[in-house]
Amino acid sequence: NPPPTMLRGPHMAGGAHILRQAAVRTAAWRIPPPGTKASYHFGTKEYVACFETPAPVDGCKFRAAAVKYVKNFDPAAWGDRDPIRTVVAGRVYQGGEVVDTVDAAGKVNGRQVLADSEALAAVTDFMRSHTAAAATPRPLSSLILPTDAVRRVERVFLSEGHAAALIGNQAMDFVKQDGVTEIEESIQANAVERKLTDKLLADEARGAVQILRYPALVSCVSNFTNFLDLFRKTLRNLEAGVPVLVLSRSNTSQHCYRWFQALQKLTDAEGIPASMLAFASTSVEQQRAIMLQSPMSPTYFTGSREVARLIKEVSPRAISSTGGPNTLISVAATPQVLQAARDSASIENAGQCTALRHLVLPFEGQESSSEALGKRLFAGSTKSASALESLEESKFAALLPMPSPGASSRKSLGYTSDPAMPVSLKVSKSLPGSVDEYWREVVVDVTTPGTPAEMEADAFIDPLCAWVRAEQPISVAVNGSMELARRVWERTGQVVFTRGTVLQPAMTCQARPQDGEVFGELPPRASLLEHTRFPVVVPTPSAGYNARYSLAFLEEQGAAPLPSLPAGEYIKGVESKAVRGFCLEILNFVRDACAGPFEGVGHRTTLFGVQRPPLGQGVAVRIARDATYDQAAPLLLPFLATNAAPQLHISVHPASPAAVTLATLGLAHQTEEDAAFEKRAAEAGLTHVVRVPCRGGDLEGEYPLAGLFVSRLLTFGHCKSVIPDDKEFLNVFRASDKWLKLR
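Model, not experiment: these values are computed from the prediction.

Draft legend 1. The arrangement of the overall build of the protein chain in detail. Helix and strand content of the protein chain: 26 helices and 25 strands. Taken against the 2.2 N^0.38 rule, which gives 27 Å for 743 residues, the C-alpha radius of gyration of the protein chain at 25 Å falls within 12% of a compact globule. Taken over the C-alpha atoms alone, the protein chain extends approximately 70 × 70 × 45 Å along its principal axes. Counting across all 743 residues of the protein chain, residues that qualify as buried make up 63%. As displayed, the protein chain has an accessible area near 25,600 Å², and 54% of this comes from carbon and sulfur atoms. Averaging the locations of the 76 positively and 76 negatively charged side chains of the protein chain gives two centres separated by 2 Å.

This is how it looks when you write it as structure tokens:
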């Protein structure tokens, strides 16, 4: 989803006020009763058990209510009468520079008061007070919010009146055509994530894990802010007792602020302390300063890779989902395929994170020129005068009157545009280089490698898969033979992968996480940790991204006799009891995940689960001079225990104390100086290199949840067929060696 340009957006007496107000409520709070160990890790049987066929949602009801809301809306409501302001612990701060706000089309749609020194001091105090509280040991009963109260707030938000406001505000601010589908996804996917959160809280109640309740920073996204920001990042953290600071945006900030205002009223009515919530109406520079002062706080972000990298520089625990050049591959340009490509490229006027950016089609002579193909591809496009018109008429991919700031520069790069249609195309026989996203501008790079037979040959598919691995689209769709689809899926690391036919084609913009079509927006593996602390998968319990195993739990596990587990013999070289316990948790997770793949519960035919890295590709674990085997073992075990073992390359510095242990355990490895390893890795094309210790030492002394830890190393996600009950797809894809299996 889009970059905010990064972030923008009243006073509290002090940190003591926050803690006093919270303490008043503690007696009424409760924690889940201790029980058996729960699994909320992606791809395990207990994770899968959280899915069930979603109950239908009456979208027509929400649509009609949203249309009525927009038509009756008073634009002055977002102006000087009630501008965006900083809010801390229920107090609205009045002072500061007043600026205009703009919608996604660049039109002024309201006012915003940027935080002055008093408001900024209140935000700083909010962060410092909660940070100090999170670092102070306290009884668990004093930390958990009343789950029922938070979920009542959620139910009210998803009732007709409140949902209409969420949809309507998004239509007016982000110029979103179809906010109804997002509300449907919220209703259905929230049900899964509530169950996962319950499991996480139960594990904390029994002493196995500890949720770090440092305040969560929510850097709002322009599209899907209702599901991603309000429900996934704010309410799911709030019900786990994590305070939340919502950050304003530099554009399309009105609809985010309006759901915050509604949230504040609803939580207050439920007796949830106002001190748990804040909204910072601040500049980008002020937000970066807040992040720098809060290194233990996670910043939740969905947007461009460029902005994610900037956030990670100042927020080491950033949890980011990032965009990528979504790709549709088809062996024929049938009318159905062109329709699928058109809708994929135009969805929300290229304002959906899964919008098509790269199209691969066979070469068809003059018909494959940019001008000719552009006319064929977009000839049937629909247009809307406004988001309201699209909302009324149930459109999701109409072309809107939006600005096109990149049009002039694209012309020099070889793109052509039709004056009658606000779209740009570039056709080439070669794969594109790195692709600019051109957010909210319909731009498509088309690769036409040759005939259908040439297109399916390894001479093209191999470099295509290498391009996909390097660029990491969010979504890849293949309309062709089952064999072609499987080859592309096996050789890439896609979280979202769809197979269709040239008559019943797949689009790039198809994924329903509530159906088991699990969703994730990953940076390329080679630079993953430059953008995010962990990859993000939906659904998951959001508070788990800043949680860890308790030291006492791991030491107890590690002190017991080693159970019989795949690759368990390699734990014998680990000295620390805590690291031994962590290794056992990793192997327990891997064993459970190897029961996959699992079938989805929706209309399309879906398989999801944990997978090996792309087939034919290696993963190098480089152990540095000062690194120990205790640091390396958790990173090695997911490979050593599974069919991913042949893809593992262990390289160790000759002076590393781990070298002796590796030799004693009989683990194949190469001993080499740093320069020799870097040269060999470059020559061998090893782009996925895992460094020991972890880059920046960001996991040193901490033991994150096993599923998240392993997601740094292995592939996860879903593959699906657009054909319901597609038994051929199930047979062919289930049999793939890419699924993670025990050795």
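Draft legend 2. Examining the sheet that holds strand β21 (residues 619-623) more closely. Here four strands make up an open sheet; going across it, the order is β23-β22-β21-β24 and the pairing parallel. Single-partner strands in this sheet number two, and they are β23 (670-671) and β24 (689-692). Bridging between β21 and strand β22 (residues 648-652) involves five bridges; their strand directions are parallel. Bridge pairing links valine 619 to leucine 648 in β22.

Draft legend 3. Seen up close, the packing of helix α10 (residues 284-292) against helix α11 (residues 305-314). At their nearest, the axes of α10 and α11 sit 8 Å apart, and the two run at 45 degrees to each other. What the angle tells us is that α10 and α11 run oblique. Contacts between α10 and α11 involve Arg288, Met291 and Leu292 from the former and Leu310, Ile311, Glu313 and Val314 from the latter. For the contact of α10 with α11, the residue count by class is five nonpolar, no polar and two charged.

Draft legend 4. Structural view of the sheet that holds strand β1 (residues 87-88). Sheet architecture is open: seven strands sit in the order β2-β1-β8-β7-β6-β9-β10, paired in mixed fashion. A strand with exactly one partner marks an edge of an open sheet, and here the two such strands are β2 (91-92) and β10 (319-322). Across four bridges, strand β9 (residues 299-303) lies against β10 in parallel orientation. Looking across to β10, one finds that threonine 302 is bridged to serine 321.

Draft legend 5. Summary view of the pairing of strand β20 (residues 605-611). Counted residue by residue, β20 has seven buried out of seven residues, so it is predominantly covered. Note that strand β19 (residues 598-599) and β20 share two bridges and pair antiparallel. The residue bridging phenylalanine 598 from the neighbouring strand is phenylalanine 608, located in β20. Here β19 folds back onto β20, and the loop between the two strands holds five residues. Relative to strand β25 (residues 715-721), β20 runs antiparallel, the two sharing seven bridges. Pairing of valine 610 across the sheet is with phenylalanine 716, part of β25.

Draft legend 6. Structural view of the pairing of β21. Most of β21 sits out of view: five of its five residues are buried. Where burial is concerned, the two faces of β21 agree: the one with Val619, Val621 and Ile623 and the one with Ala620 and Arg622 are both buried. Pairing geometry for β21 and β24, over four bridges, is parallel. The partner of alanine 620 across the bridge, within β24, is valine 689.

Draft legend 7. Examining the nonpolar core more closely. Core analysis: the largest hydrophobic core is formed by 97 residues, its most contacted members being Tyr549, Ile623, Tyr629 and Leu636. Contact partners of leucine 636, with chain neighbours within four places excluded, come to Val621, Tyr629, Leu648, Ile650 and Leu662. The next biggest cluster of nonpolar side chains, apart from the first, holds 36 residues, and it includes Val150, Trp259, Ala262 and Leu263.

Draft legend 8. Structural view of the environment of aspartate 74. Note on placement: aspartate 74 falls in the loop between α3 (59-71) and β1. Classification of aspartate 74 by relative accessible area gives partly exposed; the value is 36%.

Draft legend 9. Seen up close, α10. Every buried residue of α10 is accounted for by Val284, Gln286, Gln287, Ile290 and Met291. Along the axis of α10, the buried residues cluster in a sector spanning 160 degrees; they form a single face. Structural note: α10 exposes Glu285 and Leu292 on the side pointing more than 90 degrees away from its buried face. In this structure, the buried residues of α10 make contact with α4 (117-134), β6 (216-219), β7 (244-247), β8 (277-280), β9 and α11.

Draft legend 10. Representation of the pattern of salt bridges within the structure. Taken as a whole and judged by the stated rule, the model has 43 salt bridges. Two residues, glutamate 46 and lysine 199, come together in a salt bridge whose shortest N-O distance is 3.2 Å. Here the residue glutamate 46 occupies a position in helix α2 (residues 45-48), and lysine 199 occupies one in helix α7 (residues 180-205), the gap between them amounting to 153 residues. Given the relative accessible area of 33%, glutamate 46 is considered partly exposed.

Draft legend 11. Expanded view of the packing of helix α20 (residues 551-559) against helix α21 (residues 577-593). Direction vectors running N to C along α20 and α21 enclose 85 degrees, while the axes themselves pass 7 Å from each other. Relative to α21, the element α20 is oriented roughly perpendicular. From α20, Leu551, Phe553, Leu554, Glu555, Gln557, Gly558 and Ala559 reach across to α21, where they touch Lys577, Ala578, Arg580, Gly581, Phe582, Leu584 and Glu585. Tallied by class, the residues present in the contact of α20 with α21 amount to seven nonpolar, three polar and four charged.

Reading guide: rules and limits
- The residue count restarts for each chain, going from 1 along the sequence in the order it is written.
- In keeping with the model being predicted, local features are shown solely for residues with a pLDDT of at least 70 and side-chain atom pairs are shown and tallied solely at 80 or more, while totals for entire chains, interfaces and linings include all residues.
- Hydrogens are left out, water is left out, and the side-chain values use all remaining heavy atoms of the structure.
- A run of DSSP states H or I qualifies as a helix once it reaches four residues; a run of E qualifies as a strand once it reaches two. Both are numbered from the N-terminal end.
- For a compact globule the rule gives 2.2 Å times the number of residues to the power 0.38, and the radius of gyration it is set against comes from C-alpha atoms.
- Under the scheme applied here, a residue whose accessible area is under 20% of the maximum for its type counts as buried, over 50% as exposed, and between as partly exposed, the area being computed with a 1.4 Å probe on protein chains only.
- In these tables, accessible area is a Shrake-Rupley quantity obtained with a 1.4 Å probe, and a residue counts as shielded only by the protein chains included in the view.
- Only four residue types enter the charge count, namely Lys and Arg as positive and Asp and Glu as negative; His and the chain termini do not.
- Positions of charges follow a simple convention, taking NZ of Lys, CZ of Arg, CG of Asp or CD of Glu.
- We treat two strands as partners when DSSP finds at least two bridges between them.
- Orientation is described by lines fitted to C-alpha atoms, with helices fitted over the stretch in contact, and by angles between N-to-C directions that extend from 0 to 180 degrees.
- Roughly parallel here means an angle under 35 degrees, roughly antiparallel means over 145, roughly perpendicular means 65 to 115, and every remaining angle is called oblique.
- Residues count as neighbours in contact if any of their non-hydrogen atoms are within 4.5 Å of one another.
- All amino acids are sorted into three groups, where Ala, Val, Leu, Ile, Met, Phe, Trp, Tyr, Cys and Pro are nonpolar, Asp, Glu, Lys and Arg are charged, and the leftover types, Gly among them, are polar.
- As used in this record, nonpolar core signifies buried Ala, Val, Leu, Ile, Met, Phe, Trp, Tyr and Cys residues forming a set joined through side-chain atoms within 4.5 Å.
- Arc definition: it is the arc formed by the directions from the helix axis to the C-beta atoms.
- Each reported salt bridge corresponds to a side-chain nitrogen of Lys or Arg within 4 Å of a carboxyl oxygen of Asp or Glu.

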